[in-house]
Structure formats: C-alpha cells, structure tokens
Amino acid sequence: MKEGLLTQGSEVTAFETTLAGIVGAKYAVSCSSGTAALHLAGMAINLGKADTVVVPANTFVASANAVRLTGAEVIFCDIDAGTGLMDLTDLRGLLSSDKDNRITAIIPVYFGGQCQNPSDLWTIASDYQLQIIEDACHALGSTYPSNGQQNAIGSCLHSTMCTFSFHPVKTIAMGEGGAITTNSETLYKKLLLLRNHALIRNPDEWASDATHVPVQGRNPSWYYEINEISPNYRASDIHCALGRSQLSRLQTFVKKRRALVSWYDKCVSDLYPHIVPLQKIATCEPAWHLYVLLIDFERYGIKRQDLMAKLKSLGIGSQVHYIPVPWQPYYRKRCPERVLPGTASFFARCLSLPLFPEMNKDDVEFIVTSLKVLLGIKN
Ligand SMILES: Cc1ncc(COP(=O)(O)O)c(C=O)c1O
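Residues numbered from 1 in each chain as written. Predicted model: local features only at pLDDT ≥ 70, side-chain atom pairs only at ≥ 80, totals over all residues. Heavy atoms only, no water.

**What to know about the nonpolar core**
A general tendency of soluble globular proteins is for nonpolar side chains to be buried together. Short version of the rule: Joining through side-chain atoms within 4.5 Å is the link that ties buried Ala, Val, Leu, Ile, Met, Phe, Trp, Tyr and Cys residues into a set, and such a set is a nonpolar core. Exposure classes here rest on a 1.4 Å probe applied to the protein chains alone. A residue is buried below 20% of its type maximum, exposed above 50%, and partly exposed in between. Secondary structure counts use DSSP, requiring at least four H or I residues in a row for a helix and at least two E residues in a row for a strand, with both numbered from the N terminus. Here, two residues are considered to be in contact whenever any of their heavy atoms come within 4.5 Å of each other.
Formed by 72 residues in total, the largest nonpolar core has its most connected members in L19, L140, I153, F166, Y264, I295 and L307. The element best represented in this core is helix 8 (residues 250-268), accounting for 9 residues. With sequence-adjacent residues up to four places away left out, F166 is seen in contact with F15, L19, L140, I172, A173, M174, G175, E176, G177, G178 and A179.

**A short note on the state of the cysteines**
The line we're drawing: Criterion for a disulfide: a pair of cysteine sulfur atoms within 2.5 Å.
Tallied over the full model, the rule gives 0 disulfides. Residue C77 stays outside any disulfide, its sulfur separated by 13 Å from that of C335, the closest cysteine.

**Brief notes about the pairing of strand 6 (residues 143-146)**
Just so we agree on the cut-off: Pairs of strands are assigned from DSSP output, requiring at least two bridges between the strands.
Two strands pair when backbone bridges link them, and strand 6 and strand 7 (residues 149-152) are joined in this way by 4 bridges, in the antiparallel orientation. When the bridges of strand 7 are listed, T143 appears paired with A152. In textbook terms, the turn of a hairpin is the stretch between consecutive antiparallel strands, and for strand 6 and strand 7 this stretch comprises 2 residues, one of which, N147, has a positive phi near 50°.

**Focus on helix 8**
Side chains three or four residues apart in an α-helix point the same way, a direct result of the helix having 3.6 residues per turn. Where we set the bar: Here the expected span of a helix is defined as 1.5 Å times the quantity of residues minus one.
In this model, helix 8 (19 residues) spans 27 Å end to end at C-alpha, consistent with the 27 Å of a helix rising 1.5 Å per residue. Looking at helix 8, one finds that the buried residues are L250, F253, V254, R257, L260, V261, W263, Y264, D265, C267 and V268. In the core, the buried residues of helix 8 are packed alongside helix 1 (10-23), helix 7 (237-247), strand 12 (275-277), strand 13 (291-295), strand 14 (350-353) and helix 12 (361-374).

**Describing the packing of aromatic side chains**
Under the convention used in this document: We call Phe, Tyr and Trp rings a pair once their centres come within 6.5 Å, taking the six-membered ring for Trp, and we label the pair stacked below 30 degrees between planes, edge-to-face above 60, and tilted otherwise.
Summed over all chains, the structure comprises 11 aromatic pairs. For the pair F164 and F166, a centre-to-centre distance of 6.3 Å together with 15° between the ring planes defines the contact as stacked. Both residues of the pair, F164 and F166, belong to the buried class. Considering the side-chain rings of W327 and F347, the 5.2 Å spacing of their centres and the 80° angle between planes classify their relative orientation as edge-to-face. Placement of the pair is W327 in the loop between helix 9 (304-313) and helix 10 (329-334) and F347 in helix 11 (residues 341-349), with a sequence separation of 20 residues. On the accessibility criterion, W327 (40% relative accessible area) is partly exposed.

**Observations concerning the sheet that holds strand 5 (residues 131-135)**
Rule in force here: Every angle, taken between N-to-C directions, lies between 0 and 180 degrees, and every axis is a line fitted to C-alpha atoms, over only the stretch in contact when it is a helix.
A sheet is described by the order of its strands in space; here 7 strands give the open sequence 1-9-8-5-4-2-3, paired in mixed fashion. Each edge of the open sheet carries a strand with a single partner, namely strand 1 (27-31) and strand 3 (73-77). Here the average twist between neighbouring strands, direction ignored, is 25°. Bridge count for strand 1 against strand 9 (residues 178-182) is 5 bridges, and the pairing is antiparallel.

**A look at empty space enclosed by the protein**
Put simply, the rule reads: Cavities and pockets were defined on a 1 Å grid built over protein atoms only: a cavity is a set of grid points that admits a 1.4 Å probe from which the probe cannot escape, a pocket is an open set flanked by protein on both sides within 12 Å along at least five of seven lines, and lining residues are those with an atom within 4 Å of any such point. Grid points are joined across faces, edges and corners, and a volume is the space filled by probe spheres set on the points.
The full count for this structure, using the stated rule, is 1 cavity of 30 Å³ or more. Counted as a void, the largest cavity has a volume near 40 Å³. As for the largest cavity, its lining consists of V261, P277, L278, K280, W288, L290, Y291 and V292.

**What about the sheet that holds strand 12?**
Strand pairing within a sheet occurs via backbone hydrogen bonds; the two strands may be parallel or antiparallel. Taken in spatial order, the 3 strands of this open sheet run 12-13-14, and their pairing is antiparallel. For this open sheet the edge positions go to strand 12 and strand 14, each flanked by a neighbour on one side alone. Strand after strand, the sheet turns through a mean of 30° between neighbouring axes, direction not considered. The pairing of strand 13 with strand 14 spans 4 bridges and is antiparallel. Bridging from a neighbouring strand, L293 pairs with L351 of strand 14. The sheet contacts of helix 8 involve strand 12, strand 13 and strand 14, and relative to strand 13 the element is tilted by about 20°. Each of strand 13 and strand 14 is contacted by helix 11, which is oriented at about 100° to strand 13, the strand it contacts most.

**Comments concerning the site of the ligand**
Inclusion rule: Proximity is defined per residue: any heavy atom of the residue falling within 4 Å of a molecule or strand makes that residue near it. Pairing of N or O atoms within 3.5 Å defines a polar contact, subject to two protein rules: one partner must be a possible hydrogen donor and the other a possible acceptor, and residues neighboring in sequence count only if both atoms are side-chain atoms. Residue-level accessible areas treat just the shown protein chains as cover; the underlying method is Shrake-Rupley with a 1.4 Å probe. For this analysis, a molecule is said to be in a pocket or cavity if more than half of its atoms are within 2 Å of the grid points defining it.
Taken together, 16 residues sit near the ligand, with G34, T35, D135, S165 and K170 positioned nearest. With respect to the ligand, the side chain of T35 contributes an N or O atom lying 2.5 Å from an oxygen atom. Burial of the ligand by the protein amounts to 90% of the accessible area it has alone, namely 390 Å². In this structure the site holding the ligand corresponds to the largest pocket. Going through the elements one at a time, helix 2 (34-44) and helix 3 (61-69) are the ones with two or more residues in the shell around the ligand. Here the shell around the ligand gets 3 residues from one element, more than from any other, and that element is helix 2.

**Notes on the layout of surface pockets**
Convention followed: Three categories are distinguished: nonpolar for Ala, Val, Leu, Ile, Met, Phe, Trp, Tyr, Cys and Pro, charged for Asp, Glu, Lys and Arg, and polar for the others, with Gly belonging to the last.
The volume enclosed by the largest pocket comes to roughly 710 Å³. For the largest pocket, the lining is made up of 41 residues, of which H167, P168, V169, K170 and H289 are closest to its centre. Those elements that place two or more of their residues in the lining of the largest pocket are helix 2, helix 3, helix 8 and strand 14. Looking at the lining of the largest pocket, the element that brings in the most residues is helix 2, giving 3 residues. A per-class count over the lining of the largest pocket returns 18 nonpolar, 17 polar and 6 charged. When its volume is computed, the second largest pocket comes out at roughly 520 Å³. If you go around the second largest pocket, you meet 20 residues; those closest to its centre are K189, L192, L193, N196 and L199.

Structure, rendered in structure tokens:
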C-alpha cells in the first residue's frame, strides 16, 4: 500500500517472476481471475468460430465458458469415474472421429489437484497437432515425474500454456486473481497485450501511420492504438502483493493439505468399497485442492442433499464438485448430446468434505465420525 502504484506497478512483475520461478516456466502473466486466464489463453492462440475445444464434463463452468467467450465451440469429454479426470479413451475417440479437423485444442482440468501424466496427453495432442491449455486452477503446487525428475504443474513442459486461479478457496489466495504460464515468448507478449485492452504503445507495432488522428507531431508519448479488442483483465498491485506473500507459504499450505488428505484416507479406509476417496494416480504428487468422497448413497438409504443438510447442522460444510457442465441448459442447447457414463456415475456419488490448511486431525476425525453416524455406520 505504501508503493506509488496500486496497479500496473512493480508488485505485478515481482509476483509474475516469483510464480514463473516456482513452477519452472519462462513466463508468467497475472490477471484478474482463473476465468480471465483461460479466456486470455484461448484468445492468445486465436480460438474462434471455426474451432472446437475439448473440455472434460466434470469441471467448473469457467473451463467451458472461456472457450465460448472466444467464439469457439466446446465438445465435452467423459471422465474417469474413479478420478474425476478426463477419460483418455473417450478423448482418443473424439479426436479420431473429428473428420473435419475442427478440434484445435484440449483443456485438461486437474480436478482436485491431481493430473494424469501431462506427457501422455501431450503425445496424444501432438499426434493431432492440437494445443493444450492446462486448467490447473486446482493444481498449483502439484508435481509429476518427467525425465527423471519431478516437474511442477505450470512448467508447460507438456502444454502450450497453463492457467491458475487464486480465488480464496484455492491453494493460494489473492482475493480474486489468476495467471497463465508459458515458455513461448510470442504467447507471453500476446497475453500481456490482451490483458490490457490490446493497447499498443510501441510505434513499431502500430498498424497505421496515425495521420488520421490530429496529433501534434509523430509518435507523441501518450499515443496508442488498438488493432483488436480485448478486456481489462489486469490484476492490481494490491492483489499481486498478497499473491506474492501467499506464494512464500505455498509449500506449507501444500504439506498441510497433503497431510489432511492422508488422514482423511486413513479414517475412511474401513468404509471401502461403498465409500471411497478419489482414486490416486501414482505418477502425480497433488497439492490437494478438494477432498472428494464417492458414496453409494442408495446403499445407505439417504439422499445426498439430506446428508449435506445434516452435515451442515453439525457445522460441516460440504459441496458437489461438479454439476456436469454439459447438463447446464446453455450447453444442452449448444453442444452435441453425448453419452457420458463416467460423468454420470461420478456425479451420482461425489461429495466434497472440508479441506483447508487451518484444519487439524481432530477436525478430520470429527467430520468422518459425523458422516458415519449420519449414514448409520457402526464402528
Ligand atoms: C477448474 C476451474 N477452472 C476455472 C475456474 C475459474 O477460476 P476463477 O474463479 O478464479 O475465475 C475455477 C474456479 O473455481 C475452477 O475450479
């Protein structure tokens, strides 16, 4: 707050440099939200009406909405009913049946913080010459092995760009905020331009000679022009200062989240197979964003919403991640209907329980014990 500039100042660049360093990417561009990050990434690769983008059905609406904001169409891919992640067999089917080559990009969503090995997806995408925009809004701090070492999600070793959200429920909070990482200088420059109305101040990049504007002399310092339109998606210095301070605590948050998930897993291990946590992917070390249980509600004779209401009366918040996006009225009208058995099975069983770093083992035990009591499970 004591700095001269509250926006477009040095905290923005300091945050971006720190983030790029942490995830191991050449460039990071901050912006006002995860949705803005996805939209900017889509605009940067010139998505438009002629394009179709594959998005998993199990995600927050923003992953698909960002595509639609560029004018491109969305095609929803089924998910694996155990992990909630994109089903690669369904993805391959979608790509091989795309005879007109309308699919130009894939947005894998790292649900809950986990990912399949991004190099597998990169291989599939390369076979079809597709771009990959990772939706890592849940996965800041997650890592995966490649070339004998652990790579951070965001390093873009196996993607065109990677997007993050810093909404308060995420691993780090900026109030509202987001970022895109990339290793491409061209995309980096495009992202900087697009997040700021596509304003061009460099005379070398002007499309016109500016003679139609009655200015005194050529190239006055205040002159700018636009050749395309773009929103203001900037993050302020206030947000970036908070983001940088949060980044310094990232590993503490990640450790805490991992420990809580391990404890949850231990506490529910006697409930298998009727209640199971998300299936773990051996090649990913996730910075868990969500703790999701898959519950056979019918077996326990209870509706999910009734269980959620009972948990709430005990002070335990729970959530459903997510209502499948293709089931939203907007997308039902817009997108080809597809049979999505993995998505339907996952949605019928999923329930997210509280997960945030301030929790402790006692909280986890209280939550799991309460759940068992409400489901009529005897210890
Ligand atoms: C998977 C996913 N993508 C994108 C977003 C959008 O992020 P934001 O809320 O920062 O716009 C979210 C937000 O919850 C999300 O969960």
